[in-house]
Amino acid sequence: MRLFFGIPVSDAGRQMVSSRIDSLRQSRAFGKVTWVKPEAVHITLRFLGELPDSILPALNAWPAAFTNFSPVTCSIGALGGFPNLTRPKVLFLDVTPHEPFLDIYR
């Protein structure tokens, strides 16, 4: 199973990302793409990769580590892609974190 640590995006952030997705979808610049639903938009803090299902019980305690953080802000930047924008498997928007956001990442 492919796992990552991520945090949710505010409603305003989801609307902005949804608008960018709509523009990209209409441009048809990337051919056949499965687009993420707005409610699934998130910021990935750390991609863990492919891990066995047996790791899930150990990860269930992690959400408690984030309960003391207030909402954080960041700036949304340019479009990027993995492995590249010519033939992307994943599209993403660059995020520039503000200082409290970096505390969560660390």
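Because the structure is a prediction, the values reported are computed rather than measured. (Residues numbered from 1 in each chain as written. Predicted model: local features only at pLDDT ≥ 70, side-chain atom pairs only at ≥ 80, totals over all residues. Heavy atoms only, no water.)

Things to note about the pattern of salt bridges
Between side chains of opposite charge, a pair can form when the charged atoms approach closely.
Part 1 of the argument: Summed over the entire model, instances satisfying the criterion amount to two salt bridges.
Part 2 of the argument: Of the charged contacts, one joins D11 and R14 as a salt bridge, the two residues approaching to 2.5 Å between their closest N and O atoms. With D11 and R14 both in helix α1 (residues 11-27), this residue pair falls three residues apart, about one helical turn.
Part 3 of the argument: A salt bridge links R25 to D22, with the shortest nitrogen-to-oxygen separation between them at 3.7 Å. Of the two residues, R25 and D22 both sit in helix α1, three residues apart, roughly one turn of that helix.
Part 4 of the argument: Since its relative accessible area comes to 34%, D22 is described here as partly exposed. (Salt bridge = Lys/Arg side-chain N within 4 Å of Asp/Glu carboxyl O. Helix = DSSP H or I, 4+ residues; strand = E, 2+ residues; numbered from the N terminus. Buried < 20%, exposed > 50% of the residue type's maximum accessible area, 1.4 Å probe, protein only.)

Description of the nonpolar core
Part 1 of the argument: Of all hydrophobic cores here, the largest spans eleven residues; its members are L3, F5, I7, V9, V17, I21, V41, I43, L45, L59 and L93.
Part 2 of the argument: Of all the elements, strand β1 (residues 2-8) adds the most residues to this core, at three residues. (Core = buried A, V, L, I, M, F, W, Y, C linked by side-chain atoms within 4.5 Å.)

Quick word on unusual backbone geometry
Part 1 of the argument: Cis geometry is found at the peptide bond from F82 to P83, where omega equals -5°.
Part 2 of the argument: Position of P83 among the secondary structure elements: in the loop between β3 (74-82) and β4 (90-97).
Part 3 of the argument: Positive phi outside glycine occurs at R28, with the angle close to 55°.
Part 4 of the argument: Looking at the element boundaries, R28 is found in the loop between α1 and β2 (42-50).

What about the packing of aromatic side chains?
Part 1 of the argument: Enumeration according to the criterion identifies one aromatic pair in this entry.
Part 2 of the argument: Seen in terms of ring centroids, F82 and F92 are 5.0 Å apart; in terms of plane orientation they differ by 35°. Their pairing is tilted. Here F92 lies in strand β4 and F82 lies in strand β3, a separation of ten residues in the sequence.
Part 3 of the argument: Accessibility expressed as a relative area gives 52% for F82, which makes it exposed.
Part 4 of the argument: Taking relative accessible area as the criterion, F92 reaches 30% and is therefore assigned partly exposed. (Phe/Tyr/Trp six-rings, centres within 6.5 Å; stacked < 30°, edge-to-face > 60°.)

Considerations on the confidence of the model for the protein chain
Part 1 of the argument: Scored by pLDDT, the protein chain comes out at a mean of 82, with 87% of its residues at no less than 70.
Part 2 of the argument: Between the elements of the protein chain, mean pLDDT differs from a low of 63, seen in helix α3 (residues 99-105), to a high of 89, seen in α1. (pLDDT = per-residue confidence, 0-100.)

Description of the environment of P38
Part 1 of the argument: Tracing the backbone through its elements, the reader meets P38 in the loop between α1 and β2.
Part 2 of the argument: Spatially, the C-alpha atom of P38 lies 9.0 Å from that of I21, the residues being 17 residues apart in sequence.

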